[in-house]
Amino acid sequence: MRRVLAFLIILLVVSMAGCIGTSTSNYTSSSISSSSTVTSSSAGQGYITVTDMLGRTVKVPANVSRVVAVGPGALRIIAYFNATKDVVGIEEFEKHFPYGRPYILAHPELLKLPVIGPGGPGKLPDIEALIKVHPQVIFMVFVSRQTADDVQQKTGIPVVVLSYGTLKNFTDPVFFKSLLLAGKILGKEKRAEEVIKFIEEQQAYLENLTKGLKSPRVYVGGIGFKGAHGITSTFTDYAPFTVLHLDNVASNLKSTNYGWVQVDKEWLLKENPDYIFIDEGGLKIILDDYKSNTDFYNSLKAVKEGHVYGVLPYNFYNTNIGIAIADAYYIGKVIYPERFKGIDPVEKANEIFTFLVGKPVYGELAKEFGGFGKIDLASGNVTYGLPTNP
């Protein structure tokens, strides 16, 4: 009996050991396999089976070289992988509004590709146009399971749904899983890990540089959300403020739109932040509004004290991750000049853009929107603004 009991104990220990694993905060291609995002593979049969961000099981070719990206931000993800050569068609939105997005500025050759649909928030692709360009995989974002299934059924082409998550900071786990999933399909696993590591390092540096500092009260206005908006458009979880540990006066507001809210001007006067940052995607609207509501703006503490600053568009066809990180460096430089001494936000922005999309495009963005700097509402001007109804 003692031998039998000892044997049973050994079996129990071994079985428990098989259930215990180690955890890590690093995202790698192996971690996505262990979390069952890639469920199985069969290179011999020429396909792999993956689970997309909606939990759909999709069989895709093992060697993919022809893709399309549908919906806000889908094409940006492909560009982060240096895989624009694999793109065989783009949305009309990308051609109609070719400014303000680093991946398009860095890869203007994309604008010569055939159109696969209108693009824009909530707009579906053209099924016939999709079939005509013969992609092996259709990447989509911001669609329901039923829509993804319908497009896949009608085209006969695998549809893989990606997601940006909520992006309350730069290191959203859902977004990272999407990067790993797309990297697996495109054969760019190493690049996906490099992008994730780069973003993690930027956030960690900014967080450590500002940890424990007493923050002034700050506000960001003019943020785009399904089109351009004015000074009352803001985010409760504005990622640059979050990673810099800044006191965002809008952080306690409730939002049902991924953190985006429209506030009242009376509320903004009451909160009266020390610093106001203006997302230059909405600067045109704000400059026009200033002419009609001069007393409102001039009553704000930040305006009276000259603490109004411009940052590059945070949202333009989904969140511009690279721009958001670059904006954080500039905002940090404004609020904590001593901590950011020796850091040139323009040089940093070009470093970020070069890594993510292959070219230092800050200069082009600055020509379009104004770039980093103080804003004089009385005499300011801007070349471009986000479309009001994309």
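Our subject is the structure that appears above.
Cut-offs applied
- Residues numbered from 1 in each chain as written.
- Predicted model: local features only at pLDDT ≥ 70, side-chain atom pairs only at ≥ 80, totals over all residues.
- Heavy atoms only, no water.
- Helix = DSSP H or I, 4+ residues; strand = E, 2+ residues; numbered from the N terminus.
- Expected span 1.5 Å × (residues − 1).
- Contact = heavy atoms within 4.5 Å.
- Buried < 20%, exposed > 50% of the residue type's maximum accessible area, 1.4 Å probe, protein only.
- Pairing = 2+ DSSP bridges.
- Core = buried A, V, L, I, M, F, W, Y, C linked by side-chain atoms within 4.5 Å.
- Axes fitted to C-alpha atoms, helices over the stretch in contact; angles between N-to-C directions.

With that settled, the discussion passes to helix α9 (residues 189-210). Between its terminal C-alpha atoms α9 stretches 32 Å, which fits the 32 Å expected from 22 residues at 1.5 Å a residue. In this fold, the buried residues of α9 make contact with α3 (74-80), α8 (173-186), α10 (239-243), α15 (321-335) and α16 (345-357). G212, located one to two residues past α9, shows a positive phi value of around 85 degrees.

We now examine the pairing of strand β2 (residues 47-51). Summarising burial for β2: five of the five residues are buried, a large majority. Residues of β2 alternate between two faces, with Y47, T49 and T51 on one and I48 and V50 on the opposite face, all of them buried. With five bridges connecting them, β2 and strand β3 (residues 57-61) associate as antiparallel partners. Residue pairing across strands places T49 opposite K59, the latter belonging to β3. Hairpin connection between β2 and β3: a loop of five residues separates the two successive antiparallel strands, and G55 in this loop has a positive phi of roughly 80 degrees.

Next up on the list: the nonpolar core. The biggest cluster of nonpolar side chains holds 96 residues, and the ones touching the most others in it are F139, V160, F277 and F353. Beyond its immediate sequence surroundings of up to four residues, F277 is in contact with Y219, V220, G221, F241, Y309, V311, I331, V334 and I335. With 23 residues, the next largest nonpolar core counts V249, L268, Y297 and A302 among its residues.

To continue, consider the sheet that holds strand β5 (residues 137-140). Taken together, the three strands give an open sheet; going across it, the order is β4-β5-β6, and neighbouring strands pair in parallel fashion. What marks the edges here is a single partner per strand, and that holds for β4 (67-70) and β6 (159-161). Mean inter-strand twist for the sheet, computed between neighbouring axes without regard to direction, equals 25 degrees. Looking at chain direction, β5 and β6 are connected through three bridges and run parallel. Within β6, the residue paired with I138 across the bridge is V159. Strands in contact with helix α7 (residues 145-155) are β5 and β6; relative to β6, the strand with the most contacts, it is inclined by about 160 degrees. Taken strand by strand, α8 contacts β4, β5 and β6, and its axis lies near 170 degrees from that of β5.

Now for unusual backbone geometry. Its identity as a non-glycine residue notwithstanding, F142 has a phi of 55 degrees, on the positive side. Here F142 is to be found in the loop between β5 and α7. Positive phi is not limited to glycine here, since L167 has a value of about 50 degrees. Mapped onto the fold, L167 is located in the loop between β6 and α8. According to the relative accessible area criterion, L167 is buried, its value standing at 4%.

Purely spatial values, then, with no claim about function.
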